[in-house]
Protein chains: 2
Amino acid sequence: MKPTLLDVAELAKVSRTTACRAMNNEGRIDEETRKRVLEAAKSLNYQPNRLAQSLRVKQSFVIGVIFSNLFAGHFYSEIFRGIEEYTSGQNYNLILGCSDGSVEKETELIESFQARQVDGLIMTPTNHMTPEAIEILENSKIPVVFIDRCSADYEHDYVGTDNLLGGKLAADYLKQLGHRNIAVCMGADAETMSVTDRLRGAVQVFEKEQMHYFTIMGKSKARNSKEFSYAAMLESMDMLKSNEATAVMAMSDSVALGASRALIEHGYRIGKDIALIGYNNDDFCPYLTVPLTTVGQPKYELGERAAELLLKKIRDKKSKCNTKIILKPKLVIRQSCGEF
Amino acid sequence: MKPTLLDVAELAKVSRTTACRAMNNEGRIDEETRKRVLEAAKSLNYQPNRLAQSLRVKQSFVIGVIFSNLFAGHFYSEIFRGIEEYTSGQNYNLILGCSDGSVEKETELIESFQARQVDGLIMTPTNHMTPEAIEILENSKIPVVFIDRCSADYEHDYVGTDNLLGGKLAADYLKQLGHRNIAVCMGADAETMSVTDRLRGAVQVFEKEQMHYFTIMGKSKARNSKEFSYAAMLESMDMLKSNEATAVMAMSDSVALGASRALIEHGYRIGKDIALIGYNNDDFCPYLTVPLTTVGQPKYELGERAAELLLKKIRDKKSKCNTKIILKPKLVIRQSCGEF
DNA sequence: GTGAAAGCGCTAACAT
DNA sequence: ATGTTAGCGCTTTCAC
């Protein structure tokens, strides 16, 4: 049986309380006894039971992370790293779940994490959180920070990048290059707030500059966005030609990669016969045969900032609940839109 | 304040015990009262405190997952998905940490997870787990399953793929294609057991078939294997020429991608001037300009099987501790070694 | 079928 | 500076 604090106390010939104080470096305690307790603990290989601790102090030092999708490039891995490195230094652990885009699973996870008394929650909500799910969140009074996406009609804290600006950046760049006919290629997550914002941003530019554009939206049930956009682009080849599109703007780098494959198979040379721009600046971009021009997001920082904000909220509960941290995307020019 | 079981009991005019029985669908209880309790619970929005439960029953229904690296392509994401989907159906939650290759962090995580009373642990150990870390694991008596990699000298359960075979598969294929001079390109994780096994497998073939080979091993401190192998390959261009290598065998798809970029910049056409084979069958492989031939691993299944094995161990503690589940890799032929 | 009481391992008021 | 006692929210004998 694992040794408990009482075992330590007995070995050190003190009371539980004193042992407890020694373990937690509390004030009023004799240096001598403190050492004795620590030694006893060590010799017994004592390890405090965090469950009991958490129960008692009503603080678990666990934070829940819910992603809606684990495939999406390195995007979530990087965000997770940001969260992990920030929080682990402060003695927190992370409990992770993936809703896989399902509202039911999302709700289950929220409830399950709540039941485990997480101190806070960082999540990318599914496109359409049900009012029910939102109510659960609000009732629970658990601090929540949304990341990357957020739920439209609900007061919340949020960390993300300026997707509207990102869309504009991409569109502007295409405009500068003289493109007038743009194919916008969507991924399976087209309804996501971050994606619709990108599109809105781009469209603002298109309209202002009187550029033509049309969207390519697959309908396959592909399991990842590369496959999805590959199929979509393949189906849209005629459309591309009849519209005389000279550039394709993809809503993510994965989408760009899938689309590029279809383009290549149809004889297009990326960066020469057609321009291609992605989004996210995934790891693979610089290494493609023709390195992908894209709009970069500070993924790691996104996670870090979300963690920082959440911990702040946890510390002073009263902090008002409507902070938005919006980081800036930036254009990363490589060769896929031609060289200049 | 959150309602407790006692609140529910009072509202339903029964004792805590009865309320507890009702919530847990236990036997000896009147159907009437059961319903009454359930209603009371619902009206109070009662949610059992899993911390208290776990403390009492000495089972947390949490399992710890420790990866050594979160960048490595989709490899770990897929594994995680496998674990997550298998365990979440059984009411488990996952607490995830990343050792980032550091033995200290790994040890910290193990201890931290232990303190949280995880029911079991799934981990990819760092290359060189210290005896200390191993001792901690053994003392704790927590069921552990290693995944992908394993620690050499220590009895354990393990789920992985047959990397020796994988290496052979790749080498054999190259041989069949008539290649006699192979450049083997290593990533930053060259000392990893899974990678050394791949190399050993390949070398067995090389020697048997009297093929020549040499290794390319970068020395940069790059943050990902694409960057790492890109730099390495760039530095090794002369070597490649003087050895008249006609094929490069990369220890992972990321490494292949980085290497391919260097090759392309030096005028090589992948699949024509030089053959390139990767490992893992990452998502991006089919979509590259010249789709990458590679050795595929069943990543999702790896996670699933590990979870399955761990839960089995948790259930019957006495099950002997030396199960090895070795899945088979398979060659995935695309175009990067030429077409036939 | 139901309840009283004890206790999981820890911490914190309150005494001394 | 140390100890006594109560209690976090739950489950589980054991008695009725």
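Residues numbered from 1 in each chain as written. Chains lettered and ligands numbered in written order. Predicted model: local features only at pLDDT ≥ 70, side-chain atom pairs only at ≥ 80, totals over all residues. Heavy atoms only, no water.

Identification of chain A as LacI family transcriptional regulator from Diplocloster agilis is taken from an unreviewed UniProt entry.

With respect to the protein's contact with DNA strand C
Just so we agree on the cut-off: For this purpose, a residue is taken to be near a molecule or strand whenever a single non-hydrogen atom of the residue falls within 4 Å of it. Comment: elements are numbered from the N terminus, with helices defined as DSSP H or I runs of at least four residues and strands as E runs of at least two. Ten residue types, Ala, Val, Leu, Ile, Met, Phe, Trp, Tyr, Cys and Pro, are classed as nonpolar, four, Asp, Glu, Lys and Arg, as charged, and the remainder, Gly among them, as polar.
Around DNA strand C, the structure places 28 residues, and the nearest of them are Leu 5, Tyr 46 and Arg 56 of chain A together with Thr 18 and Arg 21 of chain B. Protein-proximal atoms of DNA strand C, defined as those within 4 Å of the protein, fall in sugar or phosphate at a share of 57%. Broken down by secondary-structure element, the contributors of at least two residues to the surface near DNA strand C are helix H2 (16-23) and helix H4 (50-57) of chain A together with helix H2 (16-23) and helix H4 (50-57) of chain B. Partitioning the surface near DNA strand C into residue classes produces 9 nonpolar, 9 polar and 10 charged.

Details of the interface of chain B and chain A
How large an interface is tends to be reported as the accessible area lost when its parts come together. Counted only if it meets this: Residues are treated as being in contact if the distance between any of their heavy atoms lies within 4.5 Å. Two parts placed together each lose some accessible area; with a 1.4 Å probe, that loss summed over both constitutes the buried area. Here, a salt bridge means any side-chain nitrogen of Lys or Arg that lies within 4 Å of a carboxyl oxygen of Asp or Glu. For the purposes of these results, a polar contact is taken to be a pair of N or O atoms within 3.5 Å, where, inside protein, one atom must be able to donate a hydrogen and its partner to accept one; residues adjacent in sequence count only when each atom of the pair is a side-chain atom.
Counting residues at the interface gives 61 residues for chain B and 61 residues for chain A. Summing both sides of the interface, chain B and chain A together bury roughly 5,200 Å²; the carbon and sulfur share of this comes to 52%. When the shortest N-O distance is used, the salt bridge between Glu 84 of chain B and Lys 105 of chain A registers 2.8 Å. If you look at where chain B meets chain A, you find 27 residue pairs in polar contact (both at pLDDT 80 or more). Residue assignment for the side of chain B that touches chain A shows that the elements contributing at least two residues are H4, helix H5 (75-88), strand S2 (93-98), helix H6 (103-115), helix H10 (225-235) and helix H12 (253-265) of chain B. The residue inventory of the side of chain B that touches chain A, partitioned by class, reads 25 nonpolar, 21 polar and 15 charged.

Considering the protein's contact with DNA strand D
The local shell around DNA strand D holds 28 residues, among which Thr 17 and Arg 56 of chain A together with Leu 5, Tyr 46 and Arg 56 of chain B are the closest. Of what DNA strand D places within 4 Å of the protein, 57% of the atoms are sugar or phosphate. The backbone of Ser 15 of chain A places a nitrogen or oxygen atom 2.8 Å from a phosphate oxygen of DNA strand D. Within the side chain of Thr 33 of chain A, an N or O atom sits 2.8 Å from a phosphate oxygen of DNA strand D. Residue assignment for the surface near DNA strand D shows that the elements contributing at least two residues are H2 and H4 of chain A together with H2 and H4 of chain B. Classifying every residue of the surface near DNA strand D by side-chain character gives 9 nonpolar, 9 polar and 10 charged.

Thoughts on the pattern of salt bridges
All names here are of chain A. The following threshold applies: Only protein chains enter the area calculation, which uses a 1.4 Å probe; residues under 20% of their type maximum are buried, those over 50% are exposed, and those in between are partly exposed.
Counted according to the given criterion, the structure contains 28 salt bridges over all chains. Its salt-bridge partner being Arg 305, residue Glu 301 comes within 3.5 Å of it at the nearest N-O pair. Taken together, the residues Glu 301 and Arg 305, both in helix H13 (residues 299-315) and 4 residues apart, mark about one turn of the helix. The class of Glu 301 is partly exposed, set by a relative accessible area of 31%. By relative accessible area, which is 26% here, Arg 305 ends up partly exposed. Within the structure, one salt-bridge network assembled from shared partners comprises Glu 78, Arg 81 and Glu 85.

Some details on the relation of the copies chain B and chain A
For the record, the criterion: When the copies are overlaid, the least-squares fit takes in C-alpha atoms only where the residue has pLDDT of at least 70 in both copies.
Structural alignment of chain B on chain A gives an RMSD of 0.1 Å, achieved by rotating through 180° and translating 0.0 Å along the axis. The superposition of one copy onto the other is thereby described by a two-fold rotation axis. Of every C-alpha in chain B, the one belonging to Ile 95 of chain B sits nearest the axis of rotation, 2.1 Å from it. Mapped onto chain A, 100% of the interface residues of chain B are again interface residues, and the two copies thus contact each other with one and the same surface.

Details of a positive patch on the surface
Definition in use: Patch rule: a residue counts if its relative accessible area is over 30% and it has no salt bridge; like charges are joined within 9 Å, and nonpolar side chains (Val, Leu, Ile, Met, Phe, Trp, Tyr) within 5 Å. Here the open area of atoms and residues is found with the Shrake-Rupley method and a 1.4 Å probe, where only the protein chains shown may cover a residue. The charge count treats Lys and Arg as positive and Asp and Glu as negative. His and the chain ends do not count. Just so you know, the charge point we use is NZ for Lys, CZ for Arg, CG for Asp and CD for Glu.
Judged by side-chain charge, Arg 56, Lys 58 and Lys 317 of chain A together with Lys 2 of chain B come together as a positively charged surface patch. Looking at the element boundaries, Lys 58 of chain A is found in the loop between H4 and strand S1 (62-67).

Re the packing of aromatic side chains
All names here are of chain A. What counts, and what does not: Between the rings of Phe, Tyr and Trp (Trp by its six-membered ring), a pair exists once the centres lie within 6.5 Å; its type follows the angle of the planes, with under 30 degrees stacked, over 60 edge-to-face, and the other angles tilted. By definition here, charges over rings are those cases where NZ of Lys or CZ of Arg is within 6 Å of the ring centre and within 35 degrees of the ring normal.
Counting across every chain of the model gives 10 aromatic pairs over all chains. Here the aromatic rings of Phe 67 and Tyr 76 are separated by 4.7 Å at their centres, their planes lie at 35°, and the arrangement is tilted. Both residues of the pair, Phe 67 and Tyr 76, belong to the buried class. Taken together, the ring pairs connect Phe 67, Phe 75 and Tyr 76 into an aromatic cluster. When the ring centre of Tyr 279 is taken as reference, the NZ or CZ atom of Arg 198 above it lies at 3.9 Å.

Thoughts on the packing of helix H1 (residues 5-12) of chain B against helix H3 (residues 31-44) of chain B
Residue and element names in this part refer to chain B. Here is the rule we go by: Lines fitted to C-alpha atoms define the axes, with helix axes restricted to the stretch in contact, and inter-axis angles between N-to-C directions lie between 0 and 180 degrees. What sets the label is the angle itself: under 35 degrees gives roughly parallel, over 145 gives roughly antiparallel, 65 to 115 gives roughly perpendicular, and the rest give oblique. Here is the rule for handedness: rotate from the far helix to the near one, and if that takes an anticlockwise turn smaller than a right angle the crossing is left-handed, while a clockwise turn gives right-handed.
Two elements in contact, H1 and H3, have axes separated by 8 Å at closest approach and are oriented at 120°. Taken together, the axes of H1 and H3 lie oblique to each other. Here H1 and H3 pass one another in a crossing that is right-handed. Only Arg 36, Val 37, Ala 40, Ala 41, Ser 43 and Leu 44 of H3 make contact with H1, whose side of the interface consists of Asp 7, Val 8, Leu 11 and Ala 12. Looking at the contact of H1 with H3 residue by residue, the classes come out as 7 nonpolar, 1 polar and 2 charged.

Comments concerning the environment of Met 239 of chain B
Residues and elements named next belong to chain B. Turning to its location among the elements, Met 239 is positioned in helix H11 (residues 237-242). Measuring from C-alpha to C-alpha, the distance between Met 239 and Phe 214 comes to 9.1 Å, with 25 residues separating the pair along the chain. Not counting the four nearest positions on each side in its chain, Met 239 is found in contact with Phe 214 and Thr 215.

So, a negative patch on the surface
All names here are of chain A. Residues Glu 104, Glu 108, Glu 111, Glu 132, Glu 135, Glu 138 and Glu 155 make up a contiguous surface patch of negative charge. Elements that contribute at least two residues to the negative patch include exactly helix H6 (103-115) and helix H7 (131-140). For Glu 155, the location among the structural elements is in the loop between strand S4 (144-147) and strand S5 (157-161).

As for the side chain of Thr 107 of chain B
Residues and elements named next belong to chain B. Structurally, Thr 107 can be placed in helix H6. In this structure Thr 107 comes out as buried when scored by relative accessible area, which is 10%. The contact partners of Thr 107, leaving out residues within four places of it in the chain, are Glu 132, Ala 133 and Ile 136.

Considering the sheet that holds strand S6 (residues 181-185) of chain A
Residue and element names in this part refer to chain A. Test applied: DSSP calls a pair of strands paired once it identifies at least 2 bridges connecting them.
Overall, parallel pairing links the 4 strands, which are arranged S7-S6-S8-S9 in an open sheet. Edge positions in the sheet fall to strand S7 (212-216) and strand S9 (275-277), since each of these pairs with one other strand and no more. Taking each pair of neighbouring strands and ignoring which way they run, the sheet shows an average axis angle of 20°. Lying over the sheet, helix H8 (residues 163-176) contacts S6, strand S8 (247-250) and S9, oriented at roughly 170° with respect to S8.

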